Amino acid sequence: MVLVVEDDAMIVEGLKLSLTQEGYQVRTAATKAEALAVLNGPERNQIQICLLDVMLPDGNGYEICSEIRRNSNMPILFLTACDDEVHTVLALEQGADDYITKPFHIRELMARMKAVLRRTQGMPVESVLHQVGANQINLQTAKVYRDGQEVGLTAMEYKLLLVLLRHRGQLLSRQQLLGILWDDAGDYVNDNTLTVYMKRLRNKLDDREGVYVETVRGMGYRLRSM
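Below is a summary of the structure that appears in this document. Just so it is clear, the model here is predicted, and its values are computed rather than measured.

With that settled, the discussion passes to the overall build of the protein chain. Scanning the protein chain for helices and strands turns up 8 helices and 14 strands. For the protein chain, buried positions account for 48% of its 226 residues. Put simply, of all contacts in the protein chain between residues at least 6 apart along the chain, 59% involve residues at least 24 apart. Counting only carbon and sulfur atoms, one obtains 48% of the accessible surface of the protein chain, whose full area is about 11100 Å².

Set out below in structure tokens:
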């Protein structure tokens, strides 16, 4: 089931039609109060992914996202009219898995949803804190700390870390990483970009030698199980 939290009736009807055609069950909420009622009600365990609008009549999607992240790793994708980095980082800091800006193409939304569901599949709900060397990742707050100090990751660096974490111990090819991170959307789909972000992420995790994020030459990358 997909929970769509959106107060624009036209967008809701379009999403319901498209999602239903893709085989999803759809539950909708037009306000923060309605969304929280669903999330705290008997349908909660049926929700596979939540699509959150930012601006709502009685609040905003960030507040709902934060509430979800108090006790759940439910996949969350933001639908936002704001495409600047501040709003992007804010969404990810609240615990969102991805975001898409309005207006959007339904095929791009479906691709983003499938990518989020792929990389969150199998992650236990109770797994909130994770360790990578001396770095502690808090999925509830979407923040990384080392020796009590926050490690300042950009939105894309955090997304890359999250993908590696959710597939910990699994070898991911460069093409797999690109497909999971950006699927068929965005301007970042190239090898050079992945190399740059991987180098920056390693530097920030104090992993310049690739002890934690292992390079399997000619094949891809793997976050070691340690």
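Summed over the entire model, instances satisfying the criterion amount to 14 salt bridges. Between Arg112 and Glu108 there is a salt bridge, with the nearest N and O atoms lying 3.2 Å from each other. Note that Arg112 and Glu108 are positioned in helix H5 (residues 106-120) at a spacing of 4 residues, about one turn of the helix. Accessibility expressed as a relative area gives 13% for Arg112, which makes it buried. With a closest N to O distance of 2.8 Å, Lys204 and Glu157 form a salt bridge. With Lys204 in helix H8 (residues 191-204) and Glu157 in helix H6 (residues 155-166), the pair connects residues that are 47 residues apart, well separated along the chain. For Lys204, a relative accessible area of 27% corresponds to the partly exposed category.

Because an α-helix packs 3.6 residues into every turn, residues spaced three or four apart end up facing the same way. Here H8 contains 14 residues, and its C-alpha end-to-end distance of 20 Å stays within 8% of the 20 Å for a straight helix at 1.5 Å per residue. Among the residues of H8, those classed as buried are Thr193, Leu194, Tyr197, Met198, Leu201 and Arg202. Seen end-on, H8 carries its buried residues on one side only, within an arc spanning 160°. Those residues of H8 that are exposed and angled more than 90 degrees off the buried face are Asn192 and Lys199. Once H8 ends, the next one or two residues include Asp206, with phi positive near 55°.

What follows deals with helix H3 (residues 61-68). For H3, the complete set of buried residues consists of Gly61, Tyr62, Ile64, Cys65 and Ile68. The arc enclosing the buried residues of H3, seen along the axis, measures out at 160°, which places them on a common side. Of the residues that open H3, the one with a side-chain oxygen 3.0 Å from the backbone nitrogen of Tyr62 is Asn60.

Another point: the nonpolar core. Most often, soluble globular proteins have nonpolar side chains that are buried together. In terms of nonpolar packing, the biggest core is built from 29 residues, with Ile137, Val144, Tyr158, Leu160, Leu164 and Leu177 touching the most fellow members. Sorting elements by how many residues they give to this core places H6 first, with 8 residues. Ignoring any residue separated from it by four or fewer positions in sequence, one finds Leu160 in contact with Leu177, Leu181, Leu194, Tyr197, Met198 and Leu201. Ala29, Cys50, Leu56 and Ile64 belong to the second largest nonpolar core, which has 21 residues in total.

Orientation of H6 relative to H8, taken along the N-to-C sense of each, is 85°, at an axis distance of 10 Å. On the basis of the axis angle, H6 is roughly perpendicular to H8. Here Met156, Glu157, Leu160, Leu161 and Leu164 of H6 lie close against H8, whose contacting residues are Leu194, Tyr197, Met198, Arg200, Leu201 and Lys204. Along the lines of polarity and charge, the residues of the contact of H6 with H8 split into 8 nonpolar, no polar and 3 charged.

About the cut-offs
- Residues numbered from 1 in each chain as written.
- Predicted model: local features only at pLDDT ≥ 70, side-chain atom pairs only at ≥ 80, totals over all residues.
- Heavy atoms only, no water.
- Helix = DSSP H or I, 4+ residues; strand = E, 2+ residues; numbered from the N terminus.
- Buried < 20%, exposed > 50% of the residue type's maximum accessible area, 1.4 Å probe, protein only.
- Contact = heavy atoms within 4.5 Å.
- Areas by Shrake-Rupley, 256 points an atom, 1.4 Å probe, with all protein chains shown as cover.
- Salt bridge = Lys/Arg side-chain N within 4 Å of Asp/Glu carboxyl O.
- Expected span 1.5 Å × (residues − 1).
- Arc of directions from axis to C-beta.
- Polar contact = N/O pair within 3.5 Å; in protein donor to acceptor, adjacent residues only side chain to side chain.
- Core = buried A, V, L, I, M, F, W, Y, C linked by side-chain atoms within 4.5 Å.
- Axes fitted to C-alpha atoms, helices over the stretch in contact; angles between N-to-C directions.
- Parallel < 35°, antiparallel > 145°, perpendicular 65-115°, else oblique.
- Nonpolar A, V, L, I, M, F, W, Y, C, P; charged D, E, K, R; others polar.

By themselves these figures say nothing about function.
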